[in-house]
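Chains, contacts and geometry: an overview
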Amino acid sequence: MLFTDIVMPGGMSGWELADRAREIRPGLPVVFSSGYAVETLTQQGRASANSMILVKPYRKAELAERLREALSANSMLRA
């Protein structure tokens, strides 16, 4: 599982990180985090509708739920 922010310092975005990680490990579950609203990211073409995004600020329970969803979705794809 990869949990990453969408906007990161250093020139690489979370999207790029996820793409590179999935080249090494196809099917890797990824959860993105962002301070931007999902609607804003989608409108700007920075998020697809099926991306797992956790909007900041979030609670531990929300993080746990999103991670469970990502792992569950990944296990369904493998079945």
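What you see is a predicted model; the values in this text were computed from it and never measured.

All right, on to the overall build of the chain then. From N to C terminus, the chain includes three helices and three strands. Reading the chain from its N terminus to its C terminus gives the helix and strand order β-α-β-α-β-α. Out of the 79 residues in the chain, the part that is buried amounts to 28%. Contacts in the chain between residues far apart in sequence, at least 24 positions, make up 46% of those at least 6 positions apart.

Quick look at the packing of aromatic side chains now. Considering all chains together, one arrives at two aromatic pairs under this definition. Consider the rings of Phe-3 and Tyr-58, whose centres lie 6.4 Å apart with planes at 80°: the pair is edge-to-face. Of this pair, Phe-3 sits in strand β1 (residues 2–5) while Tyr-58 sits in the loop between β3 (53–55) and α3 (60–78), and the two are 55 residues apart along the sequence. Owing to a relative accessible area of 29%, Tyr-58 belongs among the partly exposed residues under this scheme. With a centroid separation of 4.1 Å and 45° between ring planes, the pair formed by Trp-15 and Phe-32 is classed as tilted. Of this pair, Trp-15 sits in helix α1 (residues 14–24) while Phe-32 sits in strand β2 (residues 30–34); the two residues are 17 residues apart in sequence, bridging distant segments of the chain. Using a relative accessible area of 4% as the deciding quantity, one classes Phe-32 as buried.

The next thing to look at is the side chain of Ser-33. If you trace the backbone, Ser-33 turns up in strand β2. Given a relative accessible area of 3%, Ser-33 falls into the buried group. In contact with Ser-33, other than residues within four places in its own chain, are Phe-3, Thr-4, Asp-5, Ile-6, Leu-54, Lys-56 and Tyr-58.

The next subject is the nonpolar core. Counting residues in each nonpolar core, the largest one holds nine residues, listed as Leu-2, Ile-6, Trp-15, Ala-18, Ala-21, Leu-28, Val-30, Phe-32 and Ile-53. Looking at this core, the elements that each hand over two or more residues are α1 and β2. Counting residues per element, this core draws most heavily on α1, which supplies three residues. Excluding residues that lie within four positions of it along the chain, Val-30 makes contacts with Leu-2, Ala-18, Arg-22 and Met-52.

What follows deals with the confidence of the model for the chain. Close reading of the predicted structure is inappropriate where its pLDDT is low. The predicted model of the chain has a mean per-residue pLDDT of 85, with 80% of residues at 70 or higher. The least confident element of the chain is helix α2 (residues 38–43), whose mean pLDDT is 68; the most confident is β1, at 94.

Definitions and limits used
Residues numbered from 1 in each chain as written. Predicted model: local features only at pLDDT ≥ 70, side-chain atom pairs only at ≥ 80, totals over all residues. Heavy atoms only, no water. Helix = DSSP H or I, 4+ residues; strand = E, 2+ residues; numbered from the N terminus. Buried < 20%, exposed > 50% of the residue type's maximum accessible area, 1.4 Å probe, protein only. Contact = heavy atoms within 4.5 Å. Phe/Tyr/Trp six-rings, centres within 6.5 Å; stacked < 30°, edge-to-face > 60°. Core = buried A, V, L, I, M, F, W, Y, C linked by side-chain atoms within 4.5 Å. pLDDT = per-residue confidence, 0-100.

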